[in-house]
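Observations on the model geometry
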Amino acid sequence: MPNNIAHFAINADDVNESRRFYENVFGWSFQPWGPPEFFKIDTGDESNSGMQGALQKRRAIVPGERITGYECTISVSSVDEIAAAIEANGGNIVMKKVTIPGVGNLIFFKDPGGNTVGAMEFDKTGG
């Protein structure tokens, strides 16, 4: 069964500057959520809900490797099963499973091409 990209994140050194840029250029709106310098992004309107996104302070999921592109997270039914499939197919887990209360279980992995990607088993109970 295919798994969809469910979330993207923009990593920024200056979160406020990036927020102003995306508000002014694309008309996106931002709501503070969770840790400092973390915003949920609404990329759509009433007629087009858009994709779930976040703007956050730049970090290194893999120590020493700052994320400079958009970060994508794929929705999966089981991060444990996906982690096993990733490793069986030439990828490697770079961040072991973390539970985000009310959101779900998250891992990050590198594909064989060296791209860092997230996989999220969303909490279907709503927290």
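Residues numbered from 1 in each chain as written. Predicted model: local features only at pLDDT ≥ 70, side-chain atom pairs only at ≥ 80, totals over all residues. Heavy atoms only, no water.

Some details on the sheet that holds strand β8 (residues 116-122)
Taken together, the eight strands give an open sheet; going across it, the order is β2-β3-β4-β1-β5-β8-β7-β6, and neighbouring strands pair in mixed fashion. Strands with a single pairing partner mark the edges of an open sheet, and in this sheet they are β2 (29-32) and β6 (92-100). On average, each strand axis in the sheet is tilted by 25° relative to the strand beside it, whichever way the strands run. For β2 and strand β3 (residues 38-42), the ladder comprises four bridges, and the chain directions are antiparallel. Paired with Phe30 across the bridge in β3 is Ile41. Its contacts with the sheet put helix α1 (residues 15-26) on β1 (5-12), β2, β3 and β4 (52-57), and the angle it makes with β4 is roughly 145°. (Pairing = 2+ DSSP bridges. Helix = DSSP H or I, 4+ residues; strand = E, 2+ residues; numbered from the N terminus. Axes fitted to C-alpha atoms, helices over the stretch in contact; angles between N-to-C directions. Contact = heavy atoms within 4.5 Å.)

Quick notes on the nonpolar core
Core analysis: the biggest nonpolar cluster contains ten residues, these being Phe8, Ile10, Ala12, Val15, Tyr22, Trp28, Phe30, Phe39, Ile41 and Leu55. At the level of secondary structure, the elements contributing two or more residues to this core comprise β1, α1 and β3. The leading source of residues in this core is β1, at three residues. Counting residues in each nonpolar core, the second largest holds eight residues, with Val76, Ala83, Ile86 and Val117 among its members. (Core = buried A, V, L, I, M, F, W, Y, C linked by side-chain atoms within 4.5 Å. Buried < 20%, exposed > 50% of the residue type's maximum accessible area, 1.4 Å probe, protein only.)

Comments concerning the layout of surface pockets
As a volume, the largest pocket reaches approximately 540 Å³. If you go around the largest pocket, you meet 24 residues; those closest to its centre are His7, Trp33, Phe38, Gln56 and Ile100. For the lining of the largest pocket, the secondary structure elements donating two or more residues are β3, β4, β5 (71-75), β6, β7 (104-110) and β8. Counting residues per element, the lining of the largest pocket draws most heavily on β4, which supplies five residues. For the lining of the largest pocket, the residue count by class is 14 nonpolar, five polar and five charged. (1 Å grid on protein atoms, 1.4 Å probe; cavity = no way out; pocket = protein on both sides within 12 Å on 5 of 7 lines; lining within 4 Å. Points joined across faces, edges and corners; volume = space filled by probe spheres on them. Nonpolar A, V, L, I, M, F, W, Y, C, P; charged D, E, K, R; others polar.)

Notes on the environment of Val79
Tracing the backbone through its elements, the reader meets Val79 in helix α2 (residues 79-88). In this structure Val79 comes out as buried when scored by relative accessible area, which is 1%. Spatially, the C-alpha atoms of Val79 and Lys96 are 9.7 Å apart, while their sequence positions differ by 17 residues. Not counting residues up to four positions away in its chain, the partners in contact with Val79 are Lys97, Asn105, Ile107, Ala119, Met120 and Glu121.

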